[in-house]
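Structural features, examined
As a plain string of letters, each chain reads:
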Amino acid sequence: MHEIYEKFLQDSEKKAFDLEHRSKVNFNISKYNAAVIKGKDQFSNLELARDRAFIIKHKVINNLEKYLIEFVAFFEKRGGKIIWAVDKESAAKEIVSILKKQEARLVVKSKSMTSEEIELNEALEKNEIECLETDLGEYIVQIAGEKPYHIVTPAMHKSKEDIAQLFNEKFNTPLESTPEYITSFVRQKLRSKFISADVGITGGNFLIADIGAVCITENEGNGLLSMSMPKTHIAIVGIEKIIPSLTDLNLYWPLLASFGTGQKITVYNSIVTGPRQEGETDGPEKMYLVLLENKRSEVLKLEKQRVALSCIRCGACLNACPIYRNIGGHAYNTTYSGPIGSVITPHLKGMNEYNHLSYACSLCGYCTQVCPVKIPLHDLLLHNRNDSVNEGFSKPGEKKSMNMMKKFLSKRKRMDMFSMRVKNIGMKMVFKKVWGPRRELPKFAKKSFREMWFEKNGGN
Ligand code: SF4
């Protein structure tokens, strides 16, 4: 068993039986669920909106090269610099080199899962460059020394009491600090950092092809400050984040807000077309955009799973997933957790290490039902499993036992050859371990359904 898989099993087991964790996550998700109903209310025809969102992203994914070329041409025309990064190491290296050239000592960063993907904070730390998270949730997990727990809500696993305690330990604030007090405390702390930072780093929710712009959506204004106060702005975005036109934001902005946080529209929405132009009063002097590939082409190659690149990272599938809700975000040990993470991670980080995530699913299909861009997530997990078998990643003996099972189960008479007692002993021998110590194995009844049927209706 691979050690990552082993760790996943251990961490999942621990979290699944941590009742305090469960109640915090359920509390936060219940608040999300109540808000989402209101957010979705703004659509007169939600299904039509989701269909359109699916079709547009589908078109983009199937013509990614064309849209990227169009995007880059417009972005460079206004003085933006593109950095193509084939993997996380090269992305981090390029960013560190820009920072070193500018002798940057302090970086302010707004929430970005892509920067998590390239482990930017660790790279900056190694080079003795201070990198400060400015999104409140990210700031909380940063000072706690943790990774984000959720792609939209990084500190979802913490209660307000946990956070008050954390701030008390780190900054000696009152133990009974309210969320309002903590928010204002962090705001005060960050203000001077925005002013003195050398470089601001952000992610990007969409790349708009027909105007060459990066679109950044956030609720706290910290993204806006990170990109506009320092002299240099670096955005890191996955190549799949393209949408064809500025007018498509009409659709994607409300969808992302409704499904992500239950808002009608996110509070701050910025469209950045490059560095400050002549005659403009604000904005950075230089802007770099790191376009991250990092094995996205591996997903693009797959006829079925490529649709997963349509994801707009709203986090709805995580909130819906019974597995995520039980084992929590950290157990996945990946940047992208939950159903979407389970679909893409085996391809982004390697089947050998992350194949098990394709099986971390009950196939209830709720993730597919809630996805605003209609990604058939649970189907894709089945395709992942199929690929993993075809690529030889099944467990030793699995194929043999499946074939035996198929042979045995395909003929009723064969199944009825054995008594109930023998069948139950067989079940115990084969399934007891995988069934686990906390559940009781179902037992065969005295008579099979077939026997009862014929007893009632006659014949055999
Ligand atoms: S797969 Fe769908 S539901 Fe999940 S994060 Fe992406 S867009 Fe949201």
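Just so we're clear, the structure is a prediction, and the values are computed from it rather than from any experiment.

Attention shifts here to the overall build of the protein. When you go through the protein residue by residue, the secondary structure sums to 23 helices and 10 strands. Taking 2.2 N^0.38 as the reference for a compact globule, 460 residues should give roughly 23 Å; the C-alpha atoms of the protein span a radius of gyration of 25 Å, in line with that estimate. Relative to its full complement of 460 residues, the protein shows a buried share of 48%. Residue pairs in contact within the protein that sit at least 24 positions apart in sequence constitute 73% of those at least 6 positions apart. For the protein, the computed accessible surface area is about 23800 Å², with 54% contributed by carbon and sulfur atoms.

So, about the sheet that holds strand 8 (residues 242–243). If you walk across this open sheet you meet the four strands as 8-5-6-9, and the pairing is mixed. Single-partner strands in this sheet number two, and they are strand 8 and strand 9 (268–272). Note: strand 5 (residues 206–208) against strand 8, two bridges, orientation parallel. Bridge pairing in strand 8 links Ile208 to Ile243.

Next up on the list: the site of the ligand. Close to the ligand lie 14 residues; Cys311, Cys314, Gly315, Cys317 and Cys371 are nearest. Most atoms of the ligand, that is more than half of them, are within 2 Å of grid points of the second largest cavity. A class-by-class count of the residues in the shell around the ligand yields 12 nonpolar, one polar and one charged.

For the structure shown, the criterion picks out 24 salt bridges. Of the charged contacts in the structure, one is a salt bridge between Lys24 and Glu20, with a shortest N-O distance of 3.0 Å. Note that Lys24 and Glu20 are positioned in helix 2 (residues 19–40) at a spacing of four residues, about one turn of the helix. The exposure class of Lys24 is buried, given its relative accessible area of 15%.

This part takes up the nonpolar core. Residues Phe206, Tyr252, Ile340, Ile375 and Leu377 are the most contacted members of the largest nonpolar core, which totals 61 residues. Here this core gets seven residues from one element, more than from any other, and that element is helix 12 (residues 249–261). Beyond its immediate chain neighbours, meaning those up to four positions away, Ile340 contacts Ala308, Cys311, Arg313, Cys317, Leu318 and Leu377. In this structure, Ala91, Ala104, Ile201 and Leu292 belong to the second largest nonpolar core, which totals 23 residues.

Turning our eyes to something else, we now look at helix 8 (residues 136–143). A turn of α-helix holds 3.6 residues, and therefore any two residues three or four places apart point the same way. In terms of burial, helix 8 is a largely internal element, six of the eight residues being buried. Those residues of helix 8 that fall on the buried side of the exposure criterion are Gly137, Glu138, Tyr139, Ile140, Val141 and Ile143. Capping the start of helix 8, Asp135 holds a side-chain oxygen 3.0 Å from the backbone nitrogen of Gly137, two or three residues further along. Looking one or two residues past helix 8, Gly145 carries a phi angle of roughly 70°, positive in sign.

As a further point, take the side chain of Lys423. Its location among the elements puts Lys423 in helix 22 (residues 420–435). Given a relative accessible area of 15%, Lys423 falls into the buried group. A polar side-chain atom of Lys423 sits 3.5 Å from the main-chain carbonyl oxygen of Met415. Residues within four places of Lys423 in sequence aside, it is in contact with Met415, Asp416, Phe418 and Phe444.

Evaluation of the coordinates by the stated rule reveals three cavities of 30 Å³ or more. Reported here for the largest cavity is a volume of approximately 100 Å³. Taken together, 18 residues make up the lining of the largest cavity; nearest its centre are Cys321, Pro339, Cys361, Ser362 and Cys367. Elements supplying a minimum of two residues to the lining of the largest cavity: helix 15 (322–327), helix 16 (338–349), helix 18 (366–370) and helix 19 (377–390).

Considering all chains together, one arrives at 13 aromatic pairs under this definition. On the basis of an interplanar angle of 45° and a centroid distance of 5.9 Å, the ring pair of Phe408 and Phe418 is categorised as tilted. With Phe408 in helix 20 (residues 398–409) and Phe418 in the loop between helix 21 (412–416) and helix 22, this residue pair connects regions lying 10 residues apart in the sequence. For Phe418, a relative accessible area of 35% gives the class partly exposed. What links up through ring pairs into an aromatic cluster is the set Tyr139, Phe167, Phe171, Tyr181 and Phe185. Just above the ring of Tyr336 sits the side chain of Arg313; from NZ or CZ to the centre is 4.3 Å. Above the plane of the ring of Phe17 lies Arg438, whose end atom (NZ or CZ) is 3.7 Å from the centre.

What counts and how
- Residues numbered from 1 in each chain as written.
- Predicted model: local features only at pLDDT ≥ 70, side-chain atom pairs only at ≥ 80, totals over all residues.
- Heavy atoms only, no water.
- Helix = DSSP H or I, 4+ residues; strand = E, 2+ residues; numbered from the N terminus.
- Rg over C-alpha atoms; globule rule 2.2 N^0.38 Å.
- Buried < 20%, exposed > 50% of the residue type's maximum accessible area, 1.4 Å probe, protein only.
- Contact = heavy atoms within 4.5 Å.
- Areas by Shrake-Rupley, 256 points an atom, 1.4 Å probe, with all protein chains shown as cover.
- Pairing = 2+ DSSP bridges.
- Near = heavy atom within 4 Å.
- 1 Å grid on protein atoms, 1.4 Å probe; cavity = no way out; pocket = protein on both sides within 12 Å on 5 of 7 lines; lining within 4 Å.
- Sits in = over half its atoms within 2 Å of the grid points.
- Nonpolar A, V, L, I, M, F, W, Y, C, P; charged D, E, K, R; others polar.
- Salt bridge = Lys/Arg side-chain N within 4 Å of Asp/Glu carboxyl O.
- Core = buried A, V, L, I, M, F, W, Y, C linked by side-chain atoms within 4.5 Å.
- Polar contact = N/O pair within 3.5 Å; in protein donor to acceptor, adjacent residues only side chain to side chain.
- Points joined across faces, edges and corners; volume = space filled by probe spheres on them.
- Phe/Tyr/Trp six-rings, centres within 6.5 Å; stacked < 30°, edge-to-face > 60°.
- Lys NZ or Arg CZ within 6 Å of the ring centre and 35° of its normal.

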